[in-house]
Amino acid sequence: MTPEELKSLIQTIILQAGSAGEINLDLQDGLDVRVERPRVREHGDWATNVAMQLGKKVGMNPRDFAQLIVDKLVADPGIDHAEIAGPGFINITVNAAAAGELARNIVELGQSYGHSDALDGHVINLEYVSANPTGPIHIGGARWAAVGDSLARILSACGARVVREYYFNDHGSQIDRFAKSLLARARGQEAPEDGYGGQYIEDIAQAVMAEHTNENNPLEQEDSLAQEFFREHGVTRMFGEIKKELANFRVEFDVFFHEDTLHESGAVDQAISELRSQGVIFEDEGATWIRTTDFGDDKDRVIIKSDGNAAYFAGDIAYYLDKRERGADHVIIMLGADHHGYIGRMYAMARAFGDRAGKGENLEILIGQLVNLVKDGQPVRMSKRAGTIVVLSDLVDAAGVDAARYSLVRAAMDTTLEIDLGLISSHTNENPVYYVQYAHARTKSVDANAAAHGVTREHFDPALLDSAADSELIAKLAQFPDIVTQAAQLREPHRVARYLEEVAGAYHAWYGASRVTPRGDEGVSDVHRTRLWLNDAAGQVLANGLHLLGVSAPDKM
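The present account deals with the structure reproduced in this document. No experiment lies behind these values; they were computed from the predicted model shown.

1. Some points on the packing of aromatic side chains
Link 1 in the chain: One pass over the full model with this rule turns up 21 aromatic pairs.
Link 2 in the chain: Between the aromatic rings of phenylalanine 178 and tyrosine 196, the centroid separation amounts to 6.3 Å while the plane-to-plane angle is 75 degrees, which identifies the pairing as edge-to-face. Of the two residues, phenylalanine 178 is situated in helix 6 (residues 173–186) and tyrosine 196 in the loop between helix 6 and helix 7 (199–212); the sequence distance between them amounts to 18 residues. An identical accessibility class is assigned to phenylalanine 178 and tyrosine 196; each is buried.
Link 3 in the chain: Ring-pair connections join several aromatic residues into one group, and the members of that group are Tyr128, Tyr166, Phe168, Phe239, Phe253 and Phe256.
Link 4 in the chain: Here the guanidinium or amino end of lysine 243 rests over the ring plane of phenylalanine 256, the centre of that ring lying 4.5 Å away.
Link 5 in the chain: Above the face of the tyrosine 511 ring, arginine 442 is positioned so that its terminal group lies 3.9 Å from the ring centre.

2. Some details on the side chain of serine 426
Link 1 in the chain: Note on placement: serine 426 falls in the loop between helix 15 (421–424) and helix 16 (432–452).
Link 2 in the chain: When sequence neighbours within four positions are dropped, the list of residues in contact with serine 426 reads Asn431 and Tyr434.

3. Examining unusual backbone geometry
Link 1 in the chain: Positive phi is not limited to glycine here, since glutamate 285 has a value of about 55 degrees.
Link 2 in the chain: Summarising the element assignment, glutamate 285 is placed in the loop between strand 7 (281–284) and strand 8 (287–290).
Link 3 in the chain: Of note, the phi angle at aspartate 376 is positive, near 55 degrees, even though the residue is not glycine.
Link 4 in the chain: Inspection of the secondary structure assignment puts aspartate 376 in the loop between strand 12 (371–375) and strand 13 (378–379).
Link 5 in the chain: The exposed category is assigned to aspartate 376, whose relative accessible area is 70%.

4. Structural notes on the sheet that holds strand 6 (residues 255–258)
Pairing between the strands of a sheet is mediated by backbone hydrogen bonds and can be parallel or antiparallel.
Link 1 in the chain: Read from one edge of the open sheet, five strands run 6-5-4-10-11, paired in parallel fashion. Every interior strand has two partners, whereas the edge strands, strand 6 and strand 11 (363–367), have only one. The average angle at which neighbouring strand axes cross in this sheet is 25 degrees, direction not considered.
Link 2 in the chain: Where strand 4 (residues 123–127) and strand 5 (residues 161–168) come together, five bridges link them in parallel fashion. What sits directly across from valine 123, in strand 5, is arginine 161.
Link 3 in the chain: Against the sheet, helix 11 (residues 312–325) contacts strand 4, strand 5, strand 6, strand 10 (330–335) and strand 11, and its axis sits at roughly 155 degrees relative to strand 5.

5. Examining the layout of surface pockets
One simple way to see leftover space: roll a probe sized like a water molecule over the atoms.
Link 1 in the chain: Here the largest pocket is characterised by a volume of approximately 1300 Å³.
Link 2 in the chain: Lining the largest pocket are 48 residues, and of these Ala131, Asn132, His138, Asp338 and His339 sit closest to its centre.
Link 3 in the chain: Mapped by element, the contributors of at least two residues to the lining of the largest pocket are helix 5 (139–157), helix 11, strand 10, helix 12 (342–352) and strand 12.
Link 4 in the chain: Residue classes in the lining of the largest pocket are distributed as 26 nonpolar, 17 polar and five charged.
Link 5 in the chain: Taken as a whole, the second largest pocket spans an internal volume of roughly 460 Å³.

Reading the values: rules and limits
Residues numbered from 1 in each chain as written. Predicted model: local features only at pLDDT ≥ 70, side-chain atom pairs only at ≥ 80, totals over all residues. Heavy atoms only, no water. Phe/Tyr/Trp six-rings, centres within 6.5 Å; stacked < 30°, edge-to-face > 60°. Helix = DSSP H or I, 4+ residues; strand = E, 2+ residues; numbered from the N terminus. Buried < 20%, exposed > 50% of the residue type's maximum accessible area, 1.4 Å probe, protein only. Lys NZ or Arg CZ within 6 Å of the ring centre and 35° of its normal. Contact = heavy atoms within 4.5 Å. Pairing = 2+ DSSP bridges. Axes fitted to C-alpha atoms, helices over the stretch in contact; angles between N-to-C directions. 1 Å grid on protein atoms, 1.4 Å probe; cavity = no way out; pocket = protein on both sides within 12 Å on 5 of 7 lines; lining within 4 Å. Points joined across faces, edges and corners; volume = space filled by probe spheres on them. Nonpolar A, V, L, I, M, F, W, Y, C, P; charged D, E, K, R; others polar.

The values are spatial; any link to function lies outside them.
Structural data, given as structure tokens:
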């Protein structure tokens, strides 16, 4: 019996009690039953405080309400016993057969175990990374690549249709500086003071020259034409390198959206016209403004400057409207630590269109914090390639894709992250990704050893999974669907990583206390065969969880 099944059972008991008139039931606020693992193992397998939450609402003393629930719980064949503690907590012990049946369910469900329909029907546009095409992806962008891709996988596992989107800021002054820097390096000059440095600028400039010089040598043209030449070909090449770097990091996108198209297509004018029809546009000092203060912003915002050019915010408005018109009912944008001031104006803009903004609403903005790399106790300094920053390729070169992705996703995104390159490259249990992957590899080793001893899954008796180690591992595996749903609803992929570490710990403990293969002349028994099911269930959960994080589940270490 999983926590979800137990929740469903308790909900059914409460609903039936309401229908029978035993309690006064008003479900205006819904029926939210929480089932958790008790901190003290002796208190049972699961615990719920639902009687304390709903006691007053149903017109009963919490302990009396808890007794009503307990009396009906123990009548279910899957419940061994239930008891009331304190002011109304209910501690529940599931019988071994009902608990052990989960092992077979997991194996039979395979890769779909942990999936749900919690977000079925939702179309979510998830925008992440979105680095300017002026250089390699820096370590902060690498964090968004790992977290964003993992979140997309988790949302999809909960039934949402997710559109993974990358926004290329290929319109504006930063692209002009990039083109000027390429032109300068092609001429053998230093980059402009406000330009971009690093070996990659030299590499791109030379590559563009080698590929296109036969067509029309840009160095023989006037500066404006030469700059436009490097703007076109340099951005295209940088764009290609970024795509390749992300693909190597196991990060794929459904849409690569170019900012330039918003201005070329008239989408900006269309968005402003839509807002004008809402009565939130006004003119002042020769500029066009949106009255965002009516929707919670700290000041009104210019969208068309007095010189007639569109402000950067105008593109943001048009881009949001474009996403909604493409069918997204949720737009999630993942931004770096320097974008806190961006939230108020964006939420106000969404509200001006008549949408809701905030956690779980039509528009949701997630802010991530910085990443610091250390090695041998010292900060890792700048990249040789980028010149001024540590980039994604530096981390992958030092630790590999698996360790890099896992390390970037295992901490809450709104906290500053410090990664020890020495630790995440080590083959020790102190390295979290190694610890989890080794647990999966161990399940495969047990499989191979079992086959060599003639132990197969031809028989399964869940009642035989009755040891303390069996119970602990089964209970931990049972939490996986709920963990995935929580990670999706809270936008917190790190919950999956931390959970996998707990599963690995429970599995390693179970491995030390249980045998799947017989000793010496001992014959193969149904206990061995049944434990093989549990071993394989643990391996399946570890593999499924690692897949959600974009990390491999190796058969050997």
